[in-house]
Amino acid sequence: MSLLTGFETFVRPNEPLYVHTWLHIGGPAEFFATPNTRDELRAVVQRAAELGLPIHLLGAGSNVLVRDEGVKGVVVRLEAPAFAEIHVLKNIIRAGGGARLGHVISTAVGHGLAGLEPLVGIPGTIGGALHLNAGTRGGDIGQWVRRATVMNRAGELIEHDRSDMVFAYRQSSLDELVILEAEFELDTDSPEEIAKRMQKQWIIRKAAQPLGHQCAGQIFRNPRGMSAGMLIDQAGLKGQRIGLAEVSDRHANFIIAEPNCPSSDVIALIEFVRERVQDRLGVELEADIELW
Ligand code: EPU
């Protein structure tokens, strides 16, 4: 039996991944699955395990760099509406792992629920944001979670309470295959006040960071007490190019990929930046973007 047998309605072979990533680069996935229900998701996860195929979960594609040769095995994306539902009950928001972080933030603001607004402008899905504990200096997503439902690589559902989840700088204990759903317990405030704070945050972020396609999230983690962007800037690397990839002039911890940029240019530029910063400033940078 192949991975496709019986799954033809939601699994495609050889799907180009560049269309699904913010950098808009990278080769194909051997199999690309967009299940419509939890049952379909479980079935494809279990089949991949039986066949010994590697399996990856792709969120919004804002934090991954796909190699030119593509990805072996199965890439799953929760793009069906069933995985992106958002429900509000008093001061609790329940959101599917495939819901966009931005939609959840605007829903919260509309209901007078405060806490997530500092995260405005961060791309990605709820699943991706939780997996990486997305955040800003104003706070991170992990601090607001009270429950999460995940699916492991055997296709089993697991419930996590606040007490068995750990969040730290750009990392979380939620490292099972799929984050299906999470609940956030938020503060209440007037929608106008929250919207004002959100707008302020948005303006600051827009002024400081390049947003949008052809660039992803920040490339390196901030070393303790320092800013990777400032270090790369101090090493004189703003505007540094390799092929069609360039260190952003606006904020040095972003890489801009021009149309048709191969993944290899971005990988080479990341390596170049890492070596230069190490040579010139003696600081070792660790990449934050995932290389697939
Ligand atoms: N700076 C420079 N040159 C640059 C970039 C920055 O001198 O090219 C200086 C800035 O002027 C500022 C300092 O470095 O004095 C810090 O910069 P910024 O405020 O932009 O913050 P950051 O440390 O670069 C972190 C997070 C961002 C988050 C912001 C705001 C990381 C890797 N980055 O950036 O998160 O939005 O703080 O809270 O943790 C992300 O992780 O992808 C991300 C965007």
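Our structure's up above, just so we're on the same page.
Conventions adopted
Residues numbered from 1 in each chain as written. Predicted model: local features only at pLDDT ≥ 70, side-chain atom pairs only at ≥ 80, totals over all residues. Heavy atoms only, no water. Near = heavy atom within 4 Å. Polar contact = N/O pair within 3.5 Å; in protein donor to acceptor, adjacent residues only side chain to side chain. Areas by Shrake-Rupley, 256 points an atom, 1.4 Å probe, with all protein chains shown as cover. Helix = DSSP H or I, 4+ residues; strand = E, 2+ residues; numbered from the N terminus. Pairing = 2+ DSSP bridges. Contact = heavy atoms within 4.5 Å. Axes fitted to C-alpha atoms, helices over the stretch in contact; angles between N-to-C directions. Salt bridge = Lys/Arg side-chain N within 4 Å of Asp/Glu carboxyl O. Buried < 20%, exposed > 50% of the residue type's maximum accessible area, 1.4 Å probe, protein only. Core = buried A, V, L, I, M, F, W, Y, C linked by side-chain atoms within 4.5 Å.

Chemist: Explanation requested: the site of the ligand in the structure shown.
Modeler: Near the ligand, the surroundings consist of 19 residues, among which Arg137, Tyr169, Asn222, Asp233 and Ala252 are the closest. Residue Ser227 places a side-chain N or O atom 3.4 Å away from an oxygen atom belonging to the ligand. At a separation of 2.8 Å, an oxygen atom of the ligand approaches a polar side-chain atom of His251. Burial of the ligand by the surrounding chains reaches 76%, relative to a free accessible area of 820 Å². Among the secondary structure elements, those contributing two or more residues to the shell around the ligand are β9 (135-136) and α5 (228-234). In terms of residues, the shell around the ligand owes the most to one element, α5, which gives 3 residues.

Chemist: Help me out: how do you make sense of the sheet that holds strand β17 (residues 241-242) in this one?
Modeler: Pairing between the strands of a sheet is mediated by backbone hydrogen bonds and can be parallel or antiparallel. The 3 strands lie next to each other as β17-β18-β19, forming an open sheet whose pairing is antiparallel. For this open sheet the edge positions go to β17 and β19 (255-257), each flanked by a neighbour on one side alone. With 3 bridges connecting them, strand β18 (residues 245-247) and β19 associate as antiparallel partners. In the sheet register, Ala245 faces β19, and the bridge partner there is Ala257. The sheet strands contacting helix α6 (residues 263-281) are β17, β18 and β19, and the helix crosses β18 at an angle near 30°.

Chemist: Can you walk me through the pattern of salt bridges in this structure?
Modeler: Side chains that carry opposite charge are capable of pairing whenever their charged atoms lie near each other. According to the stated counting rule, one finds 19 salt bridges in the structure shown. Where Glu159 meets Arg147, a salt bridge forms, and the shortest distance between an N and an O atom there is 2.5 Å. Here the residue Glu159 occupies a position in strand β12 (residues 157-161), and Arg147 occupies one in strand β11 (residues 145-151), the gap between them amounting to 12 residues. Owing to a relative accessible area of 17%, Arg147 belongs among the buried residues under this scheme. One salt bridge in this structure joins Lys238 and Asp233, with 3.4 Å as the shortest N-O distance. Owing to a relative accessible area of 32%, Lys238 belongs among the partly exposed residues under this scheme.

Chemist: I tried to follow the environment of Pro54 on my own but got confused; where do I start?
Modeler: By the secondary structure assignment, Pro54 is in the loop between α1 (38-51) and β3 (55-58). With 19 residues separating them in the primary sequence, Pro54 and Gly73 have C-alpha atoms 4.9 Å apart. Among all residues touching Pro54, those that are not within four sequence positions of it are Lys72, Gly73 and Val74.

Chemist: Any chance you could explain the nonpolar core here in plain terms?
Modeler: As a rule of thumb, nonpolar side chains are buried together in soluble globular proteins. Ranked by size, the top nonpolar core spans 32 residues in total, and within it Ile126, Leu130, Ile141 and Phe184 carry the most contacts. Elements represented by at least two residues in this core include exactly β7 (92-96), α2 (101-110), β8 (113-114), α3 (126-131), β11, β15 (178-185) and α4 (191-208). With 5 residues, α2 is the largest single contributor of residues to this core. With sequence-adjacent residues up to four places away left out, Ile126 is seen in contact with Ala95, Gly96, Gly97, Ala99, Leu101, Val104, Ile141 and Phe184. Of all hydrophobic cores here, the second largest spans 25 residues; its members include Leu23, Val247, Ile270 and Leu285.

Chemist: Where do I start with the sheet that holds β15 in this structure?
Modeler: Reading across the sheet, the 5 strands line up as β6-β7-β15-β11-β12 and stay open at both edges, with antiparallel pairing between neighbours. Strands at the two margins of the open sheet, each flanked by one partner only, are β6 (86-89) and β12. With strand direction ignored, the average angle separating the axes of adjacent strands in the sheet is 15°. Both β11 and β15 contribute to a ladder of 6 bridges, which runs antiparallel. Note that in β15 the partner of Met151 across the bridge is Val178. Contacts from α1 reach β11, β12 and β15, with the element oriented near 55° to β11.

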